[in-house]
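Residues per chain, in single letters:
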Protein chains: 2
Amino acid sequence: MRTPPEFEELKCGPRHIHIHGHRGARGILPENTLEGFRFTFGIGVRIVELDIFATCEGTPVITHNPRLSPYSTRSEDGSWLQAEGPLISELTDLELSRFDVGGLQPGSEYANRYPDQAFMPGLRVPLLGDLCRMISANGYQDTWLNVEIKSHPMHPENTPSLPVYVERILSVIDEAEVGSRVVLQSFDWRILHECARQMPEIPRSYLTYTPKPNPPRPVNVYEDSPWMDGLSLAAHGNSLPDLIASDGGQVWGPFHHDLTAEDLAAARNNGLLVNVWTVNEFADIERMIDLKVDGIITDYPGRVQRRLLDHGMTWTPPRHSAAEPEGVAIA
Amino acid sequence: MRTPPEFEELKCGPRHIHIHGHRGARGILPENTLEGFRFTFGIGVRIVELDIFATCEGTPVITHNPRLSPYSTRSEDGSWLQAEGPLISELTDLELSRFDVGGLQPGSEYANRYPDQAFMPGLRVPLLGDLCRMISANGYQDTWLNVEIKSHPMHPENTPSLPVYVERILSVIDEAEVGSRVVLQSFDWRILHECARQMPEIPRSYLTYTPKPNPPRPVNVYEDSPWMDGLSLAAHGNSLPDLIASDGGQVWGPFHHDLTAEDLAAARNNGLLVNVWTVNEFADIERMIDLKVDGIITDYPGRVQRRLLDHGMTWTPPRHSAAEPEGVAIA
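Residues numbered from 1 in each chain as written. Chains lettered and ligands numbered in written order. Predicted model: local features only at pLDDT ≥ 70, side-chain atom pairs only at ≥ 80, totals over all residues. Heavy atoms only, no water.

(A) Examining the interface of chain B and chain A more closely. Each partner contributes to the interface: chain B provides 37 residues, whereas chain A provides 37 residues. The junction of chain B with chain A conceals about 3,100 Å² of combined surface from both sides, 62% of it contributed by carbon and sulfur atoms. There are two salt bridges connecting chain B and chain A. Residues Arg303 of chain A and Asp116 of chain B are paired through a salt bridge, measuring 2.6 Å at the closest nitrogen-oxygen approach. Along the contact surface separating chain B from chain A lie 12 residue pairs in polar contact (both at pLDDT 80 or more). Elements with a minimum of two residues in the side of chain B that touches chain A: α1 (34–42), α3 (109–113) and α10 (301–310) of chain B. Considering each element in turn, the side of chain B that touches chain A owes the most residues, six residues, to α10 of chain B. Within the side of chain B that touches chain A, the residues separate by chemical class into 23 nonpolar, seven polar and seven charged. (Contact = heavy atoms within 4.5 Å. Buried area = accessible area lost by both parts, 1.4 Å probe. Salt bridge = Lys/Arg side-chain N within 4 Å of Asp/Glu carboxyl O. Polar contact = N/O pair within 3.5 Å; in protein donor to acceptor, adjacent residues only side chain to side chain. Helix = DSSP H or I, 4+ residues; strand = E, 2+ residues; numbered from the N terminus. Nonpolar A, V, L, I, M, F, W, Y, C, P; charged D, E, K, R; others polar.)

Laid out in C-alpha cells, this is it:
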C-alpha cells in the first residue's frame with residue numbers, strides 16, 4: 001500500500017471508534033454546507049463525510065443529488081423549487097451559487113425525517129475547494145474528509161467524463177495540500193479505479209449496498225453490476241472484503257444493516273478498514289460499537305459521542321483523547 | 001412602562017413566535033456555554049436564555065446550579081466530580097475557571113435526558129461579561145439575552161446580598177451597552193424587585209411554577225410563598241397575570257404545562273408578554289404554537305424552527321424574516 005502514514009489514524013483502537021459526520025451533521029444542520037462541517041469539527045469530531053458533483057464548468061461542488069432537490073432548495077426569490085431542478089452538471093458556477101440550500105421544505109417527507117435540523121436561510125452549495133481551504137487552516141490540522149464522488153453508470157450526463165471529473169477533484173485536493181487527510185469513496189467503482197490511476201496514494205473506500213429481498217433498494221453490488229466496473233463477486237467466493245482487498249482498496253463502506261461479524265473479520269484479515277453508513281438509531285449505533293467497526297458515519301455525531309462514552313470509549317485516537325482537549329471551538 | 005422601544009420586538013406577531021434557546025441549545029451542545037450560545041445565534045435564533053450565579057468575588061457567571069453538578073463537571077485532571085461541588089458563591093473566579101463543563105457524565109440520568117448533546121472537553125463556565133461582549137460585537141446587533149438570575153429565599157448563602165448581586169449583574173450589562181436587548185427573569189421575585197429599583201427600564205419576567213397535586217414540584221407560586229416577596233395571589237383573584245401586571249412586570253414566564261388559554265388572554269389584556277419554559281416535545285411545541293405565546297424557551301431550537309415553519313410561521317419579526325437572510329453563520 002502506498003497510502004500516507006496518516007491513514008493508520010483512521011483505524012479504530014481498543015478504546016476508540018471514529019465518527020464521520022454524515023454530510024456534516026444532517027440531523028442538526030443543513031446537509032453538505034460549510035456551517036454543518038464547521039459544527040461537526042467544532043464538537044471535536046475529526047472526520048466529515050460529503051458528496052461531490054461538478055458544474056458544467058467542471059468545478060467540484062458539495063451536494064448529494066444529480067439535480068437540486070425541491071425538498072431542500074429555494075430560488076433566489078425565496079420560493080421552493082416546484083420540481084427537480086436542473087442537472088448540477090448543466091449549471092454554471094454562478095447559476096448554482098444563487099440557490100439557497102439552508103433548509104428543508106416544510107411538510108415534506110424529507111423534512112420530517114430530520115425534525116431537529118435547523119433552518120438557516122442563505123446557505124449556498126459550497127465548492128470542494130472551500131472545504132479543502134477550511135481544513136488547511138490553523139486549528140483543523142487533525143481533521144479528515146471522507147469524500148464521496150457521485151457518479152451513475154447509466155447516467156453519464158450527471159457528470160463530466162470520468163477522467164476529467166476525477167482530475168478536477170484531485171487537483172482541488174492537491175492544491176490545498178490536504179491529500180494526506182482525504183479518503184475517496186464511491187458506489188461507482190469506475191470512479192475508484194480512475195482515482196487509483198491518477199492518485200493511487202489516496203485511500204479508496206468501496207461503498208456497497210447489497211441486494212435483499214425487500215424492500216427494493218438502489219443496490220450496487222450484484223453479478224454483472226455496472227457499478228462494479230467488471231469485478232465479480234463470484235470470482236471472490238462472494239466475499240466483498242476479499243474482492244475489495246484484491247482490487248487494491250483500503251476501505252470498505254457497507255450499509256450498516258448489511259455488515260455481519262464474519263464479514264468484518266474477513267475485512268480485518270484483508271487489512272481493510274470498515275466505515276459503515278448511515279447509523280442514526282440507538283440500537284444500530286450500539287450494534288456497530290459492539291461489532292467494533294473503524295468508523296461510524298452518522299447524521300447525529302453528538303449522539304454517537306454519547307453512545308461511545310457510555311461504553312467507556314471515545315472517537316479519537318489516544319493522542320487526541322477526550323481527556324486531552326484540543327480546544328476546538330465551533331467558531 | 002419605561003422599557004426600551006426594542007422591547008416591542010419580543011412580542012409575537014401574526015406570523016411569528018420567538019424562539020429562546022434554553023441555556024443556549026441544551027439538546028445539542030453543553031448548556032450555558034459560549035459555544036452553545038453561538039450555535040443558537042448561528043442558526044438564526046435571536047434570543048438565548050441563560051442562568052446566573054456569582055463567584056465569591058461577586059463576578060456574575062453563567063451556570064444553572066448553586067453548586068457545580070457531578071453530572072456535568074470535571075476537575076482539571078479530567079475526573080468527574082464525585083459529589084456536588086463547592087458553592088459557586090464560595091469559589092474565586094480562578095478556581096471556577098478550572099472546571100470543565102463541556103459534557104455530561106456518561107450513564108448519568110441527566111446525560112440520558114439529552115442523548116444528542118455533543119461532548120466538548122475543555123469548555124469553561126463563561127462570565128456574563130463574555131456573553132455580553134459577544135452580543136455587543138458586529139453581527140449580533142439583533143440578538144437578545146433572557147437572563148435568569150438564580151436566587152433562593154431559603155438559601156442566602158447561594159448568592160451575594162441581593163442589592164450587591166443585582167448591582168454587579170446590571171453593571172456588567174451596562175458596561176457592554178446591551179441593556180436594551182436584555183430581559184431579566186427570576187423565580188425569586190425579590191430579585192425582580194431589586195432590578196426594578198436599580199434599573200427599571202430593563203423588562204422583568206416573572207417565572208412561575210404552580211403547585212399541582214402530583215408529582216411534587218419545586219413550586220414558587222402559592223400563598224405566603226417566600227419566592228413572591230410578599231405578594232398575594234388571593235389579593236388578585238388568583239390571577240397570576242393580574243398580579244404580575246399590577247406589580248409592574250412586563251413578562252410572564254410560566255411552565256408551559258401550567259398555561260391555559262384563559263390565562264394567556266388575561267396576560268394579553270394586562271399588556272404582558274408570555275414566554276413559556278421549557279418546551280421540547282412535539283405535542284407541547286404544537287400546543288404553544290396553537291395558543292400563540294410570545295416566546296418558546298426550548299432546548300431544541302432547530303426543532304421549534306421546523307414546527308413553526310410547518311405552521312407557515314417563523315421565529316423573527318418580518319424585518320428579519322426567513323425570506324431575508326441575515327447571513328449569520330455559526331462562526
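From this point, things continue past the structure.
(B) A look at the pairing of strand β5 (residues 182–186) of chain B. Residues and elements named next belong to chain B. Burial runs high along β5: five of the five residues are buried. Side chains Val182, Leu184 and Ser186 project from β5 onto one buried face, and the interleaved Val183 and Gln185 project onto a second face that is buried too. Pairing geometry for strand β4 (residues 144–149) and β5, over four bridges, is parallel. Residue pairing across strands places Asn146 opposite Val183, the latter belonging to β5. A crossover links β4 with its parallel partner β5, the connecting element being helix α5 (residues 162–175), and its sense is right-handed. Pairing of β5 with strand β6 (residues 204–208) involves three bridges; the strand directions are parallel. Bridged to Ser186 within β6 is Tyr206. Considered for its hand, the β-α-β crossover made up of β5, helix α6 (residues 189–198) and β6 is right-handed. (Buried < 20%, exposed > 50% of the residue type's maximum accessible area, 1.4 Å probe, protein only. Pairing = 2+ DSSP bridges. Right-handed = clockwise from strand over helix to strand, strands pointing away.)

(C) Region of interest: the side chain of Asp116 of chain B. Summarising the element assignment, Asp116 of chain B is placed in the loop between α3 and α4 (128–136). Judged by its relative accessible area of 8%, Asp116 of chain B falls in the buried class. Other than its neighbours up to four places away in sequence, Asp116 of chain B contacts Asp116, Phe282, Tyr300, Gly302 and Arg303 of chain A together with Gly27 and Ile28 of chain B.

(D) Inspection of unusual backbone geometry at higher detail. All names here are of chain A. Located in the positive-phi region is Asn32, a residue other than glycine, with phi close to 50 degrees. In this structure, Asn32 sits in the loop between β1 (18–21) and α1 (34–42). According to the relative accessible area criterion, Asn32 is buried, its value standing at 2%.

(E) Looking closely at the relation of the copies chain B and chain A. Rotating chain B by 180 degrees about the axis while translating it 0.0 Å along that axis superimposes it on chain A, leaving an RMSD of 0.0 Å. Look at the turn and shift together and you get a two-fold axis relating the two. (Least-squares fit on C-alpha atoms with pLDDT ≥ 70 in both.)

(F) Geometry of a negative patch on the surface. Judged by side-chain charge, Asp174, Glu175, Glu177 and Glu201 of chain A come together as a negatively charged surface patch. With respect to the element layout, Asp174 of chain A can be found in helix α5 (residues 162–175). (Patch = residues over 30% accessible without salt bridge, like charges linked within 9 Å, V, L, I, M, F, W, Y side chains within 5 Å. Areas by Shrake-Rupley, 256 points an atom, 1.4 Å probe, with all protein chains shown as cover. Lys, Arg positive; Asp, Glu negative; His and termini not counted. Charge placed at Lys NZ, Arg CZ, Asp CG, Glu CD.)

(G) Representation of the packing of helix α9 (residues 282–291) of chain B against α10 of chain B within the structure. Residues and elements named next belong to chain B. As a packed pair, α9 and α10 sit with axes 10 Å apart at the nearest point and diverge in direction by 50 degrees. If you check the angle between α9 and α10, you find them oblique. Between α9 and α10 the crossing geometry is right-handed. Contacts between α9 and α10 involve Phe282, Ile285, Glu286 and Ile289 from the former and Arg303, Val304, Arg307 and Leu308 from the latter. Tallied by class, residues from the contact of α9 with α10 come to five nonpolar, no polar and three charged. (Axes fitted to C-alpha atoms, helices over the stretch in contact; angles between N-to-C directions. Parallel < 35°, antiparallel > 145°, perpendicular 65-115°, else oblique. Left-handed = near helix turned anticlockwise from the far one by under 90°.)

(H) Quick peek at the packing of aromatic side chains. Residues and elements named next belong to chain A. The final tally for this structure, using the stated rule, is 19 aromatic pairs over all chains. Measuring from ring centre to ring centre gives 5.1 Å for Tyr209 and Trp277, while their planes differ by 75 degrees; the resulting arrangement is edge-to-face. In this pair, Tyr209 sits in the loop between β6 (204–208) and α7 (240–246) while Trp277 sits in the loop between β8 (273–276) and α9 (282–291), placing the two residues 68 residues apart along the sequence. Summarising the burial analysis for this pair, Tyr209 and Trp277 share the class buried. An aromatic cluster is defined as three or more aromatic residues linked by ring pairs; in this entry it consists of Phe187, Tyr209, Phe255 and Trp277. Over the ring of Trp80 we find Arg74, and its NZ or CZ is 5.2 Å from the ring centre. (Phe/Tyr/Trp six-rings, centres within 6.5 Å; stacked < 30°, edge-to-face > 60°. Lys NZ or Arg CZ within 6 Å of the ring centre and 35° of its normal.)

(I) View of the environment of Pro70 of chain B. Residues and elements named next belong to chain B. Topologically, Pro70 is positioned in the loop between β3 (60–62) and α2 (93–97). The exposure class of Pro70 is buried, given its relative accessible area of 7%. Spatially, the C-alpha atom of Pro70 lies 29 Å from that of Arg133, the residues being 63 residues apart in sequence. Beyond its immediate chain neighbours, meaning those up to four positions away, Pro70 contacts Trp80, Leu81, Gln82, Ala83, Glu84 and Gln105.

(J) Inspection of the pairing of strand β7 (residues 251–254) of chain A at higher detail. Residues and elements named next belong to chain A. Residues Val251 and Gly253 line one face of β7 and the alternating positions Trp252 and Pro254 line the opposite face, and both faces are buried. Two strands pair when backbone bridges link them, and β7 and β8 are joined in this way by two bridges, in the parallel orientation. For Val251, the partnering residue across the bridge sits in β8 and is Leu273. Between the parallel pair β7 and β8, the chain is carried across by helix α8 (residues 261–269), and the sense of this crossover is right-handed.

(K) A look at the confidence of the model for chain A. All names here are of chain A. Residue-level pLDDT values for chain A average 94, and 95% of them are 70 or greater. Confidence drops under pLDDT 50 across residues 320–331; counting only partners more than four residues distant or on other chains, this segment forms 31 contacts. At the level of chain-chain contacts, confidence expressed as ipTM amounts to 0.93, with global pTM at 0.94. (pLDDT = per-residue confidence, 0-100.)

(L) Representation of the pattern of salt bridges in the model. All names here are of chain A. Taken as a whole, this structure holds 32 salt bridges over all chains when the rule is applied. The partner of Arg23 in a salt bridge is Glu31, with the nearest N and O atoms 3.0 Å apart. Residue Glu31 is classed as buried on the basis of its relative accessible area, which comes to 15%. Close ionic contact of Glu76 with Arg98 constitutes a salt bridge, the shortest N to O distance being 3.9 Å. Of this pair, Glu76 sits in the loop between β3 (60–62) and α2 (93–97) while Arg98 is found in the loop between α2 and α3 (109–113), placing the two residues 22 residues apart along the sequence. Within the structure, one salt-bridge network assembled from shared partners comprises Arg23, Glu31 and Asp51.

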